[in-house]
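Observations on the three-dimensional arrangement
One letter stands for each residue in the lines below.
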Protein chains: 4
Amino acid sequence: MTHRFTLRVYYEDTDLAGIVYYANYLKFIERARSEWIRTLGIDQREMKEETGTVFAVRRLEADYLHPARFDDELEVQTTTEAVTGARIVLRQHVLREGEVLFTAHVTIVAINETGHPARLPANIRRQMH
Amino acid sequence: MTHRFTLRVYYEDTDLAGIVYYANYLKFIERARSEWIRTLGIDQREMKEETGTVFAVRRLEADYLHPARFDDELEVQTTTEAVTGARIVLRQHVLREGEVLFTAHVTIVAINETGHPARLPANIRRQMH
Amino acid sequence: MTHRFTLRVYYEDTDLAGIVYYANYLKFIERARSEWIRTLGIDQREMKEETGTVFAVRRLEADYLHPARFDDELEVQTTTEAVTGARIVLRQHVLREGEVLFTAHVTIVAINETGHPARLPANIRRQMH
Amino acid sequence: MTHRFTLRVYYEDTDLAGIVYYANYLKFIERARSEWIRTLGIDQREMKEETGTVFAVRRLEADYLHPARFDDELEVQTTTEAVTGARIVLRQHVLREGEVLFTAHVTIVAINETGHPARLPANIRRQMH
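Residues numbered from 1 in each chain as written. Chains lettered and ligands numbered in written order. Predicted model: local features only at pLDDT ≥ 70, side-chain atom pairs only at ≥ 80, totals over all residues.

Section: the overall build of chain A
- Secondary structure summary: chain A contains 3 helices and 6 strands in total.
- The helix and strand sequence of chain A, counted from the amino end, reads β-α-α-β-β-β-β-β-α.
- Relative to the globule expectation of 14 Å for 129 residues, the C-alpha radius of gyration of chain A, 15 Å, shows essentially globular dimensions.
- Overall, chain A is about 40 × 30 × 25 Å in size when its C-alpha atoms are taken along their principal axes. (Helix = DSSP H or I, 4+ residues; strand = E, 2+ residues; numbered from the N terminus. Rg over C-alpha atoms; globule rule 2.2 N^0.38 Å.)

This is how it looks when you write it as structure tokens:
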């Protein structure tokens, strides 16, 4: 039940050390989450317009194991670790040719327009059952 | 009547070529425009909340003359070139120790929530008089 | 002889106006150029490591016609307009379902490690013939 | 012995939810670390050019408590928690008017050009004594 998403490293992702800038891994795993959410049949744009609800990251634990470089083809693997009514914990790896470069635990919540917690969509809560 | 804004180049701004990534100059000059708009007594957040109006770039002509590097202290100079009821053209330079590294003509419009053109705030239109 | 590249708009690309932040179109068209260069048989990473040469944008003229939004699937079309020994001018469009949202003329040069102009690779110069 | 760094939230930092995009807090705290390193008398550019050494983040634990918004003035507070010969752990808070919005533990190492661990500069190691 692992979702897989591939991406390419471009100039915009690198820094002067010649490797991917550390904040950009968070962009990579967010792209993967957006694609994973789409596969669950959730339209994030519709959800925002109709209910004012968006997903937000509440907590992140990340380990930077090996640097990704310009032109690398990377795979992001996303697995659900835990779901309650209000939050979901994902495990996300970024790999290059099978080697894990970056790994994170990400806690996601849903929030409404006033920034308060909202119930996660049923299609998300259903992930663990 | 030139507005001056200084900024520092950080890791996030550079790419593997060791210089500032070309899209990031647009961030630099947008920061300077936001600070210039503040000096005109316009609160962009209030403007958006109360009237749904935001500024948008319609056209950009940019010349990249010399690269900026990590840790450089840069100055953005912003000058008004022309204003009509609907659009304003700015000239913006990015300098390092007096040397122009980047220069742009930027055409700005105001748009409402549906994306249609809105009248520029009076404090902006007044700039040329 | 138009190169086509598709991409998705993610959260990272948007701003509080709910549309793609204006600097990010430059990222989109740079990704497309990197993929186009790859199709010409040029390995940018190898080029940098072996000869110290990288591509740099010298001039940009861009028109923002309609805003792209979160979750849009966009196509970048890249066409060569002119090539000399030292520089190449590209025309790049960003489209959504056939509608042009953004269009740019981009002048590219090759520069060596000291930042001085280098001869463009033969595979690039050959584009116009 | 807390280092303080202030910054403004600009358009580039926000996303369509109207708040600061989650990856951008990592940019904010990196800017603060760069300024903190400067106050220790370390020139990161010189360090890279002369010894090939750069700082890299090895691990990050981050809690997102309250969202920052466009135009907010934020303060980043940086405190050293632990230093060994090879790594340093920092505690970094992002605050708005005294309220903590974001907090992180960041483990930093020094790496050389081949990506292998290097000894931290003496000025850094000296921080805990």
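Overview of the interface of chain C and chain D
- Taken together, the 9 residues of chain C in the interface contact 9 residues of chain D.
- Broken down by class, the residue content of the side of chain C that touches chain D amounts to 5 nonpolar, 2 polar and 2 charged. (Contact = placed C-beta atoms within 7 Å. Nonpolar A, V, L, I, M, F, W, Y, C, P; charged D, E, K, R; others polar.)

Some thoughts on the relation of the copies chain C and chain D
- Between chain C and chain D, which share one sequence, the superposing operator has a rotation angle of 180° and an axial displacement of 0.0 Å; the RMSD is 0.0 Å. Read as a symmetry element, the transformation amounts to a two-fold axis. Scanning chain C for the C-alpha nearest the rotation axis identifies Asp15 of chain C, at a separation of 2.0 Å. (Least-squares fit on C-alpha atoms with pLDDT ≥ 70 in both.)

Details of unusual backbone geometry
- A positive phi angle, near 45°, is found at Glu97 of chain A, a position not held by glycine.
- You can see Glu97 of chain A is positioned in the loop between strand E4 (87–96) and strand E5 (99–111).
- Here Asp71 of chain C, not a glycine, exhibits a phi torsion of approximately 80°, which is positive.
- Locating Asp71 of chain C in the fold gives a position in the loop between strand E2 (54–64) and strand E3 (73–83).
- Exposure remark for Asp71 of chain C: the 18 C-beta atoms within 10 Å place this residue in the partly exposed category. (Buried ≥ 20, exposed ≤ 12 C-beta atoms within 10 Å, placed from the backbone.)

Overview of the relation of the copies chain C and chain B
- Once chain C has been moved 0.0 Å along the axis and rotated by 180°, it coincides with chain B to within an RMSD of 0.0 Å.
- Looking at chain C, 100% of its interface residues are interface residues in chain B too, so the copies touch through the same face.

Digging into the interface of chain C and chain B
- Between chain C and chain B, the residue contacts involve 17 residues of the former and 17 residues of the latter.
- Sorting the residues of the side of chain C that touches chain B by element identifies helix H1 (24–39) and E2 of chain C as the ones contributing at least two each.
- Ranked by the residues each element gives to the side of chain C that touches chain B, the list is headed by E2 of chain C, at 10 residues.
- Each residue belonging to the side of chain C that touches chain B can be placed in one class, and the counts come to 11 nonpolar, 1 polar and 5 charged.
- Here strand E2 (residues 54–64) of chain B pairs with E2 of chain C via 5 bridges, running antiparallel. Within the sheet, the bridge partner assigned to Glu61 of chain B lies in E2 of chain C and is Glu61 of chain C. (Pairing = 2+ DSSP bridges.)

A look at the environment of Ala122 of chain B
Residue and element names in this part refer to chain B.
- Relative to the assigned elements, Ala122 resides in helix H3 (residues 122–125).
- A count of 9 C-beta atoms within 10 Å places Ala122 in the exposed class.
- Once the C-alpha coordinates of Ala122 and Thr53 are considered, the two residues, 69 residues apart in sequence, prove to be 13 Å apart.

A closer look at the pairing of E2 of chain C
- Relative to strand E5 (residues 99–111) of chain C, E2 of chain C runs antiparallel, the two sharing 10 bridges. Directly across from Phe55 of chain C, in E5 of chain C, lies its bridge partner Ala110 of chain C.

Describing the confidence of the model for chain A
Residue and element names in this part refer to chain A.
- Looking at chain A as a whole, its pLDDT mean stands at 93, while 98% of the residues score no less than 70.
- Between the elements of chain A, mean pLDDT differs from a low of 82, seen in helix H3 (residues 122–125), to a high of 98, seen in strand E1 (residues 3–8).
- Overall fold confidence (pTM) sits at 0.96, and the ipTM for the predicted complex is 0.94. (pLDDT = per-residue confidence, 0-100.)

Re the environment of Leu95 of chain B
Residue and element names in this part refer to chain B.
- Checked against the element boundaries, Leu95 lands in strand E4 (residues 87–96).
- Here the alpha-carbon distance between Leu95 and Thr6, two residues 89 residues apart in the chain, equals 9.3 Å.
- Every residue in contact with Leu95, bar those within four places of it in the chain, is listed here: Leu74, Glu75, Gln77, Val100 and Leu101.

Looking at the pairing of strand E5 (residues 99–111) of chain D
Residue and element names in this part refer to chain D.
- Inspection of the sheet shows strand E4 (residues 87–96) paired to E5 by 10 bridges, in the antiparallel sense. Residue pairing in the sheet places His93 in a bridge with Thr103 of E5.
- Here E4 folds back onto E5 in antiparallel fashion, the turn holding 2 residues, of which Glu97 has a positive phi close to 50°.
- Judged from the 2 bridges that link them, E5 and strand E6 (residues 117–118) form a sheet pairing that is antiparallel. When the bridges of E6 are listed, Ala110 appears paired with Ala118.

Thoughts on the environment of Thr14 of chain A
- Position of Thr14 of chain A relative to the elements: it lies in the loop between E1 and helix H1 (24–39).
- Since 23 C-beta atoms lie within 10 Å of it, Thr14 of chain A is described here as buried.
- In the structure, Thr14 of chain A is positioned 91 residues away from His105 of chain A in sequence and 23 Å away in space, judged by C-alpha atoms.
- Excluding residues that lie within four positions of it along the chain, Thr14 of chain A makes contacts with Val9, Ile19, Val20, Tyr21 and Phe70 of chain A together with Asp15 and Leu16 of chain B.

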